[in-house]
Amino acid sequence: MSVPFWCVLIAAVLIYVAKWPVAKAMNAQGGYDNHHPRAQQAQLTGFGARAYAAHQNSFEIFPLFAAGVLMAHSAHVFGYLVDLLAVIFVVSRVLYLFCYLRDLHWQRSLVWAVGMLCCLLLMLSPALRNGLGGGI
């Protein structure tokens, strides 16, 4: 399996890793309400609310990343840059979760922008390859 495909797998797993602090915060709120977890999540504050927002953002950005990797792959764009963009995206997501949980707001926004840029560059990689007249 290629590096970008491994990164898609890791990014998918990170969505559910991001759920762990949410569950911990819910449990600290008098126990995890498995009958109405979304209602309980909506009542979270502080750390719990940040953890839930980070978890939700992981769902939101994953399709863009997966689409970028698939666009590069389907256009037969392989190589160092595509691998690097995929790895940087995963690193940015780990840092994003860390920053969100620690309430490092501007740092979180910065690493989010890095991850988004990676997604966009992956999507544009077929055009960049053609525009640069060769392999990326």
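As the structure is a computational prediction, the values presented were derived from the model and not from experiment.

A. Helix α5 (residues 80-101), seen in detail. Over its 22 residues, α5 runs 32 Å from end to end, which matches the ideal 32 Å to within 8%, given 1.5 Å per residue. A positive backbone phi angle near 60 degrees is found at D103, which sits one or two residues after α5.

B. The packing of helix α1 (residues 3-17) against α5, seen in detail. Look at α1 against α5: their axes get within 8 Å of each other, and the N-to-C directions meet at 15 degrees. One finds that α1 runs roughly parallel with respect to α5. Here the hand of the crossing between α1 and α5 comes out left-handed. For the pair α1 and α5, contact is made by V3, P4, C7, I10, A11 and L14 and by V82, D83, A86, V87, F89, V90, R93, V94 and L97, respectively. The residue makeup of the contact of α1 with α5, split by class, is 13 nonpolar, no polar and 2 charged.

C. Up close: unusual backbone geometry. Even without glycine at this site, H76 takes up a positive phi of about 60 degrees. Considering the arrangement of structural elements, one finds H76 in the loop between α4 (46-74) and α5. Of note in this structure, D103 is not a glycine but carries a positive phi near 60 degrees. Relative to the helices and strands, D103 is located in the loop between α5 and α6 (105-131). We classify D103 as partly exposed; its relative accessible area is 43%.

D. The arrangement of the nonpolar core in detail. Formed by 28 residues in total, the largest nonpolar core has its most connected members in F62, F65, F89, L97 and L122. Those elements that provide at least two residues to this core are α1, α4, α5 and α6. With 8 residues, α5 is the single largest residue contributor to this core. Each residue touching F62, except ones within four places of it in the same chain, is listed here: V8, A11, A12 and I15.

E. Focus on the environment of G30. Tracing the backbone through its elements, the reader meets G30 in the loop between α2 (19-28) and α3 (37-42). The spatial distance from the C-alpha of G30 to the C-alpha of F5 is 40 Å, given a sequence separation of 25 residues.

Criteria and thresholds
Residues numbered from 1 in each chain as written. Predicted model: local features only at pLDDT ≥ 70, side-chain atom pairs only at ≥ 80, totals over all residues. Heavy atoms only, no water. Helix = DSSP H or I, 4+ residues; strand = E, 2+ residues; numbered from the N terminus. Expected span 1.5 Å × (residues − 1). Axes fitted to C-alpha atoms, helices over the stretch in contact; angles between N-to-C directions. Parallel < 35°, antiparallel > 145°, perpendicular 65-115°, else oblique. Left-handed = near helix turned anticlockwise from the far one by under 90°. Contact = heavy atoms within 4.5 Å. Nonpolar A, V, L, I, M, F, W, Y, C, P; charged D, E, K, R; others polar. Buried < 20%, exposed > 50% of the residue type's maximum accessible area, 1.4 Å probe, protein only. Core = buried A, V, L, I, M, F, W, Y, C linked by side-chain atoms within 4.5 Å.

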